[in-house]
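Listed below are the residues making up each chain.
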Amino acid sequence: MELLQQLASAFLSLFSWQYLGLILLGTFVGVIVGALPGFASGNALAIMLPMTVVFEPAAALIFMSSLYMGSAYGGSITAILINTPGTPDATVTAIDGYPMARRGMADEAMGISLGASCLGGLLSILMVVLIIQPMSKFTLAFGPYEMFAVGIFGLSIIAVILGGDTVKGLAAAVLGMLFASMGADPAKGMARLTFGFIQLYDTIPFVPAVIGLFAFSEFMFMVDKEQVATDKLRAMDVGKVKNVWRGVVTAIKKPLAVLRASVIGFVVGVIPGMGMAVATFASYGIAKNTSKHPEDFGTGIPEGVIAAEGCNNAVVSGSLVPTFALGIPGSSTTAVMMAALMLHGVVPGPELMRNYGFTVYQVFGCLLLAVVIMFLIGLFLAKWLSKITIIPNNILVPIISVLIFLGAFACRQVFFDIGLMFFFGILGYAMRKQGYPTVPLLLGLIIGPTVESNMMRVLRM
Amino acid sequence: MKKNNHWLRFFWSKLTVPAFMVFFIISFFVSSHSLSKTSTQYPYFLLIVLSLLVLVILIREFRADARERGAEEGGTAEEESSGGFAGACKRIWAKWYKQIGFVFISLLYIVFIYYVGYYVSTFLFAFALARLLKVRPVPALAVAAGITAVTFLMLTFWLKVSMPAGLLI
């Protein structure tokens, strides 16, 4: 009962102009960014992170969460229309979505994707609300021993799963922890590895590191990419509301398929390091194996689109559980979310629900509203959204490059941070070029201080 | 069987690891001066690390180029037939010039923000980047002017941050 009261109170608090505006803006930007091919949600969040510095913690988190939810849906638009997923997570959507579009059913496919995304998002929010409080009560019993173990466990599992190559993933994580050890020693306050820079005395700031590793390095790849299928998109006449609605109804009429996809998405999302891509492939595989007509999958059937899209929006809520309750982000996007939390002085982990329980419920309430806004955007603006993705890379790169430099400076207003962002950008590019994942490095940077301080406490006990 | 006498292959197989170790040891000793105390040694450390990185990347690129040429010419990697060293340099430049340009323009941007001021540098940076990516001059100017105006509005009304005016202005 108390939980319901807290939830209702948090939800009602969102009905202010500021919060509603931020949810609307975040979802809209998220859908657009998700639709841009080659532009992952983690990059979008990294670029927008410094812009939230002027907000209070709740407003910043609400904006970032809405952006995350919107981007999970946005990726399906280009996947369906031109077989080019906006994000890697929408790859599975293209398997059945694109054949539907080729048969002249692009609007219906977009409607099914929209309906499944919204229903999957809603169901997973209900699941996360049920799980987060018991889980946080359990984690409150954690002491320094457990926190140290959880930190090392989280770091190693993410390094191994995300890395592809175990050694490279672990090497990246250790490098991140090495960077985290820069600055004042937590026990004695002595400067370590600062290279004489006074700006590094408080350890490496997250924002320039996040922007450099995700956004700057991504742009170094993007400068070489050709625009995909621009003419094809320009010529398309898609997004008729009536047809999109018909697709939504098709998704609603298949509740079991949506429920299955959502549960898979949520469960996979809760496991750190698995991410959306794994979840959507698992969901699609299970849907195919349990179908009476598995041979139809891949030919353009609604069940295939539902399996992918019902799942990836459920991952959004699921992946926030380990991020909030344990302080272990499971993907690049949640790693940036965690950096956003820490930027505003909110420390994720066992104490989060006790100290910021109301804000956490506000975030889940905002995800609920983001789903509603996403639905309206998808239903009425699908036509325009598909055209926005026509913007060529060579125009987009200079515009957003300026914003990433601005973002690196804006947080602390220290000129040094621009150089730091540049350093991490080059490092991120070199690592990705050589097959080293950058997410474990960022996680090492974020989790490193927690691991170290808990280790010091344990050693003194 | 053709004798493996390519100088790059020799360098890679025999000298890379010792070269890497020597660089690493020098870097360590140079940086140990500046790890914790106030010092001006860090640029040398960074220079050494960057030189090492560039060296490794260059070696890899020349090797890859020699391998590709060899595959194209039926397994006989003759330097002369594909333009020799100059030809390899041209091909590598054509492959990498956008990334190199992006890094170079970004570096100049950082220096310019400090000395010339934020808005002038932003305009020049966006214009140079757009031109690097083959946007025609007039649209490139429009992009640069547009994004400079947007950053001005964002900084003034949203973030309320005053950017460095620059030492020269």
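Criteria and thresholds
Residues numbered from 1 in each chain as written. Chains lettered and ligands numbered in written order. Predicted model: local features only at pLDDT ≥ 70, side-chain atom pairs only at ≥ 80, totals over all residues. Heavy atoms only, no water. Helix = DSSP H or I, 4+ residues; strand = E, 2+ residues; numbered from the N terminus. Buried < 20%, exposed > 50% of the residue type's maximum accessible area, 1.4 Å probe, protein only. Areas by Shrake-Rupley, 256 points an atom, 1.4 Å probe, with all protein chains shown as cover. Contact = heavy atoms within 4.5 Å. Polar contact = N/O pair within 3.5 Å; in protein donor to acceptor, adjacent residues only side chain to side chain. Axes fitted to C-alpha atoms, helices over the stretch in contact; angles between N-to-C directions. Parallel < 35°, antiparallel > 145°, perpendicular 65-115°, else oblique. Nonpolar A, V, L, I, M, F, W, Y, C, P; charged D, E, K, R; others polar. Left-handed = near helix turned anticlockwise from the far one by under 90°. Buried area = accessible area lost by both parts, 1.4 Å probe. Salt bridge = Lys/Arg side-chain N within 4 Å of Asp/Glu carboxyl O. Phe/Tyr/Trp six-rings, centres within 6.5 Å; stacked < 30°, edge-to-face > 60°. Lys NZ or Arg CZ within 6 Å of the ring centre and 35° of its normal. Expected span 1.5 Å × (residues − 1). Core = buried A, V, L, I, M, F, W, Y, C linked by side-chain atoms within 4.5 Å. Patch = residues over 30% accessible without salt bridge, like charges linked within 9 Å, V, L, I, M, F, W, Y side chains within 5 Å. Bend = angle between axes of the 7 residues up to and from the residue. pLDDT = per-residue confidence, 0-100.

*Asks:* I'm lost on the overall build of chain A in this one. Help?
*Replies:* Regarding its fold elements, chain A presents 19 helices and two strands. Scored against the burial criterion, the 461 residues of chain A give a buried share of 60%. Summing over all exposed atoms, chain A offers an accessible surface of approximately 16600 Å²; the carbon and sulfur share of this is 69%.

*Asks:* Help me understand the overall build of chain B in this model?
*Replies:* In terms of regular secondary structure, chain B is built from five helices and zero strands. Ordered by position from N to C terminus, the α and β elements of chain B give α-α-α-α-α. Here chain B holds 169 residues, and the buried ones make up 35% of them. Of the contacts formed within chain B by residues at least 6 apart in sequence, a portion of 55% connects residues at least 24 apart.

*Asks:* I would appreciate a short explanation of the side chain of B:Thr122 in the present structure.
*Replies:* Within the secondary structure layout, B:Thr122 lies in helix α4 (residues 118-132). The class for B:Thr122 is buried, based on a relative accessible area of 0%. Separated by 2.8 Å, the side chain of B:Thr122 and the backbone oxygen of B:Tyr118 make a polar contact. The residues contacting B:Thr122, other than those within four sequence positions of it, are A:Val402, B:Tyr109, B:Thr148 and B:Thr151.

*Asks:* Just to check I follow, could you spell out the side chain of A:Ser319 for this structure?
*Replies:* Residue and element names in this part refer to chain A. With respect to the secondary-structure elements, Ser 319 resides in helix α14 (residues 302-325). A polar contact is formed between the side chain of Ser 319 and the backbone oxygen of Val 316, at a distance of 3.0 Å. Not counting the four nearest positions on each side in its chain, Ser 319 is found in contact with Tyr 68, Gly 269, Val 270 and Thr 334.

*Asks:* Would you mind going over the packing of helix α3 (residues 84-115) of chain B against α4(B) with me for this structure?
*Replies:* Packed helix pairs are specified by the crossing angle of their axes together with the interaxial distance, meaning the distance between the axes. All names here are of chain B. Between α3 and α4, the least distance of the axes is 9 Å, while the angle of their chain directions is 170°. As summarised for this structure, α3 and α4 are arranged roughly antiparallel, according to the angle between their axes. On α4, the residues that touch Tyr 97, Lys 98, Gly 101, Phe 102, Ile 105, Ser 106, Tyr 109, Phe 112 and Ile 113 of α3 are Tyr 118, Ser 121, Thr 122, Leu 124, Phe 125, Ala 128, Leu 129 and Leu 132. Residue classes in the contact of α3 with α4 are distributed as 12 nonpolar, four polar and one charged.

*Asks:* Would you mind showing me how to read the packing of helix α13 (residues 275-290) of chain A against α14(A) here?
*Replies:* Residues and elements named next belong to chain A. Here α13 crosses α14 at 145°, and the two axes come no closer than 8 Å. For the pair α13 and α14, the sense of crossing is right-handed. Residues Gly 275, Met 276, Ala 279, Thr 280, Ser 283, Tyr 284 and Ala 287 of α13 pack against Gly 304, Ala 307, Ala 308, Cys 311, Asn 312, Val 315 and Val 316 of α14. Taken together, the residues of the contact of α13 with α14 break down into nine nonpolar, five polar and no charged.

*Asks:* Please clarify how the interface of chain A and chain B should be interpreted in this entry.
*Replies:* Accessible area lost when the parts come together is the quantity often used to give the size of an interface. On the side of chain B, 42 residues touch chain A, which itself brings 38 residues to the contact. A buried area of about 3700 Å², summed over both sides, lies between chain A and chain B, and 80% of it is on carbon and sulfur atoms. There are zero salt bridges connecting chain A and chain B. Our enumeration of links across chain A and chain B arrives at four residue pairs in polar contact (both at pLDDT 80 or more). Put simply, the parts of the chain that give the side of chain A that touches chain B at least two residues each are β2 (191-192), α9 (206-222), α17 (393-410) and α18 (416-433) of chain A. Residues that form the side of chain A that touches chain B fall into these classes: 28 nonpolar, seven polar and three charged.

*Asks:* How should the packing of aromatic side chains be read in this particular structure?
*Replies:* Centre-to-centre distance and the angle between the planes together describe a pair of aromatic rings. Taken as a whole, this structure holds 22 aromatic pairs over all chains when the rule is applied. Between A:Phe55 and A:Phe63 the ring centres are 6.3 Å apart and the planes differ by 70°, which places this aromatic pair in the edge-to-face class. Look at A:Tyr284 and A:Phe297: their rings are 5.5 Å apart centre to centre, the planes differ by 80°, and that puts the pair in the edge-to-face class. Of the two residues, A:Tyr284 is situated in helix α13 and A:Phe297 in the loop between α13 and α14; the sequence distance between them amounts to 13 residues. Among the aromatic side chains, those forming a connected cluster through ring pairs are A:Phe216, A:Phe405, A:Phe422, B:Phe102, B:Tyr109 and B:Phe125. Over the ring of A:Tyr436 we find A:Lys168, and its NZ or CZ is 5.2 Å from the ring centre.

*Asks:* Sorry, what's going on with the pattern of salt bridges here?
*Replies:* Once the charged atoms of two side chains with opposite charge are near each other, the side chains can pair. According to the stated counting rule, one finds six salt bridges over all chains in the structure shown. Residue A:Arg412 is joined to A:Asp417 by a salt bridge in which the shortest nitrogen-to-oxygen separation is 2.7 Å. Since its relative accessible area comes to 33%, A:Arg412 is described here as partly exposed. A salt bridge links B:Asp65 to B:Arg91, with the shortest nitrogen-to-oxygen separation between them at 2.8 Å. In this pair, B:Asp65 sits in helix α2 (residues 42-72) while B:Arg91 sits in helix α3, placing the two residues 26 residues apart along the sequence. Given the relative accessible area of 8%, B:Asp65 is considered buried. What makes B:Arg91 partly exposed here is its relative accessible area of 23%.

*Asks:* Honestly, α17(A) in this entry has me stumped. Any pointers?
*Replies:* The end-to-end C-alpha distance of α17(A) is 25 Å, a good match for the 26 Å that 18 residues give at a rise of 1.5 Å each. By the criterion of burial, α17(A) is predominantly enclosed, with 15 of the 18 residues buried.

*Asks:* What's the story with the environment of A:Leu20 in this structure? I'm lost.
*Replies:* You can see A:Leu20 is positioned in helix α2 (residues 17-35). Note on A:Leu20: relative accessible area 29%, which makes it partly exposed.

*Asks:* Just to check I follow, could you spell out the nonpolar core for this structure?
*Replies:* Nonpolar side chains in soluble globular proteins tend to be buried together. Residue and element names in this part refer to chain A. One finds Ile 204, Phe 324, Phe 364 and Phe 405 to be the most contacted residues of the largest nonpolar core, which totals 173 residues. The greatest single-element share of this core, amounting to 17 residues, is contributed by helix α16 (residues 352-388). The contacts of Ile 204, once residues within four sequence positions are left out, are Phe 179, Met 182, Ala 209, Leu 420, Phe 424 and Leu 445. Listed in part, the seven residues of the second largest apolar core include Tyr 284, Ala 287, Ala 307 and Ala 308.

*Asks:* Just checking my understanding: could you explain a nonpolar patch on the surface for this structure?
*Replies:* Residues and elements named next belong to chain B. On the surface, a cluster of nonpolar side chains totalling about 700 Å² of accessible area is made up of Phe 104, Leu 108, Val 111, Phe 112, Tyr 114, Tyr 115, Val 120 and Leu 124. The dominant element in the nonpolar patch, judged by the number of residues it contributes, is α3, at six residues. Tracing the chain through its elements places Phe 104 in helix α3. Residue class for Phe 104 comes out exposed when judged on its relative accessible area of 52%.

*Asks:* What is the right way to look at α9(A) in this model?
*Replies:* Along an α-helix, residues three or four apart share an orientation, since each turn contains 3.6 residues. Residue and element names in this part refer to chain A. Taking 1.5 Å as the rise per residue, α9 with 17 residues should run 24 Å; its terminal C-alpha atoms sit 23 Å apart, in good agreement. Taken as a whole, α9 carries its principal kink of about 35° at Gly 212. Most of α9 is tucked away: 16 of the 17 residues are buried.

*Asks:* Can you help me understand the confidence of the model for chain B in this one?
*Replies:* The predicted structure's coordinates, where accompanied by low pLDDT, should not be read in detail. Scored by pLDDT, chain B comes out at a mean of 74, with 61% of its residues at no less than 70. Ranking the elements of chain B by mean pLDDT puts helix α1 (residues 7-32) of chain B last, at 58, and α4(B) first, at 91.

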